Amino acid sequence: MKSTFAQIILPLNLKGTFTYKVPAELAEKIEIGMRVLVPFGGKKIYTGIVFDLHDQEPDTFAPKEIINLLDDFPILPKEQISFWDWLSKYYLCNIGEIYRFAFPSSLKLESETYLKLKPGVTIDFQNLDVNEMYLIQALEVRQLINLTEIEAFIPKKEIVKTIKSLIDLQYIEVDEKIAEKYKAKEIAFLKINEEEVSSKSLAQILLLLKKAPKQQELFLLLLEQHTEDPEKTIKKSDIFEDGNFAHSQLKSLMEKNLVLEYYLQKDRLQTYEGEIEDLDSLTDAQLEAKTEIDKAFEEGKNVLLHGVTSSGKTHLYLDKIEETIEAGKNVLFLLPEIAITKQIVQRLEKKYGKQLGFYHQKLTDFERVEVWRRVRNNDLKILIGTRNALFLPYQNLGLIVVDEEHDSAYKPREVSPFFNAKDASQVLAKMYGANVILGSATPSVESYYLAKKEKLAYVFLGERFGKVKLPEFELINFKEEQDSKKIIGNFSLKLIEEIKKEVDRKKQTMILHNRRGYANVVECESCGYVNYCSNCDVVMTYHKFSNEMKCHYCGQKASKPNACPKCNSENLNVRGVGVEQIHEEMVKIFPEAEVDRMDVDSMRKKFAYEKLYEKLEDGETDILVGTQMISKGLDFENIELVAIPRADSMLYVQDFRAEERAFQLITQVSGRAGRISGEGKVLIQTYNPEHSVFQLIKENDPSKIYKHFLEERKKFLYPPFVKLIMIELKHRKEDKVNRASQFLGSILHKYLPPECILGPEKSPIGKLNLMYQYQILLKLPRGKNYSEYKNLILKSFEEFEEITAYQSIKKLIFVDF
DNA sequence: GCCCCAATCGAA
DNA sequence: TCGATTGGGGCG
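Being a predicted model, the structure only gives us computed values, none of them experimental. (Residues numbered from 1 in each chain as written. Chains lettered and ligands numbered in written order. Predicted model: local features only at pLDDT ≥ 70, side-chain atom pairs only at ≥ 80, totals over all residues. Heavy atoms only, no water.)

A few words on a negative patch on the surface. A cluster of acidic side chains, namely Glu610, Glu614, Glu617, Asp618 and Glu620, defines a negative patch on the protein surface. With respect to the element layout, Glu620 can be found in the loop between helix H22 (608–617) and strand E29 (623–626). (Patch = residues over 30% accessible without salt bridge, like charges linked within 9 Å, V, L, I, M, F, W, Y side chains within 5 Å. Areas by Shrake-Rupley, 256 points an atom, 1.4 Å probe, with all protein chains shown as cover. Salt bridge = Lys/Arg side-chain N within 4 Å of Asp/Glu carboxyl O. Lys, Arg positive; Asp, Glu negative; His and termini not counted. Charge placed at Lys NZ, Arg CZ, Asp CG, Glu CD. Helix = DSSP H or I, 4+ residues; strand = E, 2+ residues; numbered from the N terminus.)

Okay, here's the thing in structure tokens:
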């Protein structure tokens, strides 16, 4: 079936898709999901994606022609196209924005697109115009040329026309092998050549090396490591690290065929190091959970796996992953951030080797393209990755695991398009007919609710692996301790006593304080002046360690004033406790102990995290003070006490999820305590020990605390009982954005019931990065009406956009805010 | 989103 | 006065 027109997705933040004409010579080959080159605007050429093919001639404009196809086969599976379509509709964003996010940039080259002469053509220069001649001549000199370079000798407006006509004449073509130019970074390893070595006796070999003692030494070192553990890899660079051996010695050994060199891809490096433990068989509790998961999958339901810390969720994931692979399907394992989860990677690596891939935000574009290609060729069976791994061109997806599903990193607010990877993964799975496991020790309230409503199958693992006891919680009434003067700084004597006990018996203690810097505010005692960020409507935080003031929102730095810039008084006071202050106090109270700090500021240096991790592992660190960073990935046997000296600071945040977050954070850090011994203890210091959240955490009964959260959400109309859509308007001029938000509010009032609309009002942070921000919060009822309301919102936006004066206003929409 | 063009701004 | 910045419109 030949179609004459195509709807093309362009990598631009513009509404909808664009209509192009399919030239007759491409009509046979073009398919949905292929990349195409198309002109757009005066002079630009973009790589677009075929979204749809049809025969409906547009009547309001004359479509341009597609220049060429970039693929022989659709690069994007139809499941992904439906997924993109769903995302753009659900999250009210443009499909082009999703395309930009989903594709590695070298797969959607614009001006970097390369042209070359068709091999073996004879060119009839008589019939070429001057631009065409220039281009041909340039290509004769240098085989490949890109669009930016063409701009140097052809007028911008003529570029597209010139290329098109030369392609039509079959003189030139687009270089289609772009992706194949990339090679993933590889690292050299060494191994003993077993064939050669086993054919001779050791004495023979040593005789051979008699005159080269250094070679002999190196050979014996490699042989020793090999016999010790044949599975263990030997990195080439490690051999030369201490300067004991020279490259020439290794070269000679390789020439004698005793040692071989081989290469492995860099990003799978850590997986080849260290021991690989065999999995224990599933415990009774795990077996029961597994049966429940199987049953849910049979019924076509996704699973919420609620397993308390160290209950062995990973074990169950592995089990299902292996089953999926054996059934010939692919697996996606999603993590909130790319922190290597050794346990799972090692196991999968051992079993699936080269069929395991990684995909995350830290890869270079080369590496991304490489993974892309291998997924498309179905060479990779398992992908471990962050939210952007949802967009790989899976051929046969069978299972998606979303680990730590409650984590807010699955929907960062800073990068567009805004979507929640946890929810999106379930839609993607539906497109492929795949199953989903959402796993967490502290599920989000939304997922818990869906499980209670039986939209998700709820599988609970209530006991730690090996029946190890869960940590005990104790509340310390800081008010009382303060009144009876039994405190030092932010610590009660009681808490200090407990930490001291741990230090004395060489156990490690974790102290959580989730606030960066030293102090929130530097304030002048005489005139009350506080230091605001010049770009944002936010006070700057004092960082004592680096001795500067930082804005945590825009990153701006300033030096700390010695005197008040307003009244010159030197009476500057600090207020609000940051993690640096907690760290400082611990150092003072425990001068002999090794006290370390872990937060984004102290971990900025290269390898800072690795170094501290080693210190913790080796037991050198006695007390670790940190922000939420310490709640993830630090599983050490020797930690038995977790302390939270200022627990209240987590609750008094303007956010309806504050209590949920506090519960999740406290539970996650508490999971670090007593993983093996079962002697874990968590001390929560608070002014409000009666606060329901602390009481419920202390009780440690998940069903009760979720019941509490759900009641609160219901009472104050928050998710999951309503759908939230946050609209944020931004502009450099405050009066303009204020008027615009009033106007948009009035349009919305025309279409939506008044109780659904909150605002417009100034955002909690009224100015960010020199942009003033106003917001409108929509609380919409769930169910049938929701999609109807959403259409009305779209209609409101259209009306709003008709006002030309408001077009310069940036509009951000957060669905499921 | 990016480009073009016109209008406006601001330092000489 | 001129060059630099900002706003608005269009793109298939």
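Near DNA strand C lie 14 residues; those nearest to it are Thr19, Tyr20, Phe40, Lys64 and Thr804. For DNA strand C, a phosphate oxygen lies 3.5 Å from a polar atom in the side chain of Lys733. Here the surface near DNA strand C gets three residues from one element, more than from any other, and that element is strand E2 (residues 18–21). Partitioned by chemical class, the residues of the surface near DNA strand C number six nonpolar, six polar and two charged. (Near = heavy atom within 4 Å. Polar contact = N/O pair within 3.5 Å; in protein donor to acceptor, adjacent residues only side chain to side chain. Nonpolar A, V, L, I, M, F, W, Y, C, P; charged D, E, K, R; others polar.)

A word on the UniProt feature "binding site: Zn(2+) 1" (unreviewed entry) in chain A. UniProt's feature table lists "binding site: Zn(2+) 1" (unreviewed entry) at Cys524, Cys527, Cys564 and Cys567, given in the numbering used throughout. The annotated residues occupy 44 residues of the chain but converge on a single region, no pair of C-alpha atoms lying more than 8.5 Å apart. Topologically, Cys524 is positioned in strand E23 (residues 519–524). You can call Cys524 buried: its relative accessible area is 1%. Leaving out residues up to four positions away in the same chain, Cys524 has contacts with Tyr529, Cys564, Cys567, Ser569, Asn571 and Leu572. In this structure, Cys527 sits in the loop between E23 and strand E24 (541–543). Setting aside residues no more than four positions away along its own chain, Cys527 makes contact with Cys564, Lys566 and Cys567. (UniProt positions renumbered as here; feature names shortened; annotations may be inferred. Buried < 20%, exposed > 50% of the residue type's maximum accessible area, 1.4 Å probe, protein only. Contact = heavy atoms within 4.5 Å.)

With that settled, consider helix H27 (residues 784–802). For H27, with 19 residues, the first-to-last C-alpha span of 29 Å sits near the 27 Å given by 1.5 Å per residue. All of the buried residues in H27 are Tyr786, Tyr789, Lys790, Ile793, Ser796, Phe797 and Phe800. Buried residues in H27, looked at end-on, bunch into an arc of 115°, giving them a common side. Structural note: H27 exposes Lys784, Glu788, Asn791 and Glu802 on the side pointing more than 90 degrees away from its buried face. Residues of H27 that are buried sit in contact with helix H2 (78–90), strand E32 (722–731), helix H26 (734–751), strand E34 (771–781) and strand E35 (810–815). (Expected span 1.5 Å × (residues − 1). Arc of directions from axis to C-beta.)

Let us now look at the pairing of strand E31 (residues 681–686). The buried fraction of E31 amounts to five of the six residues, a majority that puts the element mostly inside the structure. With six bridges connecting them, strand E19 (residues 472–477) and E31 associate as parallel partners. Bridge assignment links Glu472 to a residue of E31, and that residue is Lys681. Pairing geometry for strand E30 (residues 639–644) and E31, over four bridges, is parallel. Across the sheet, Leu641 pairs through a bridge with Lys681, a residue of E31. The handedness of the E30 to E31 crossover, carried by helix H23 (residues 658–670), is right-handed. (Pairing = 2+ DSSP bridges. Right-handed = clockwise from strand over helix to strand, strands pointing away.)

A few words now on the packing of H26 against H27. Helices that pack against each other are described as a pair by the angle of their axes relative to one another and the distance between those axes. Relative orientation of the contacting elements H26 and H27 amounts to 140°, with a least axis distance of 9 Å. Comparing their axes, H27 and H26 come out oblique. For the element pair H26 and H27, the recorded crossing hand is right-handed. Touching Ala740, Phe743, Leu744, Ile747, Leu748, Lys750 and Tyr751 of H26 are Leu792, Ile793, Lys795, Ser796, Phe797, Glu799 and Phe800, all from H27. (Axes fitted to C-alpha atoms, helices over the stretch in contact; angles between N-to-C directions. Parallel < 35°, antiparallel > 145°, perpendicular 65-115°, else oblique. Left-handed = near helix turned anticlockwise from the far one by under 90°.)

Structurally, Asn193 can be placed in the loop between strand E9 (186–192) and helix H7 (194–198). Aside from chain neighbours lying at most four places away, what touches Asn193 is Asn257, Leu258, Val259 and Leu260.

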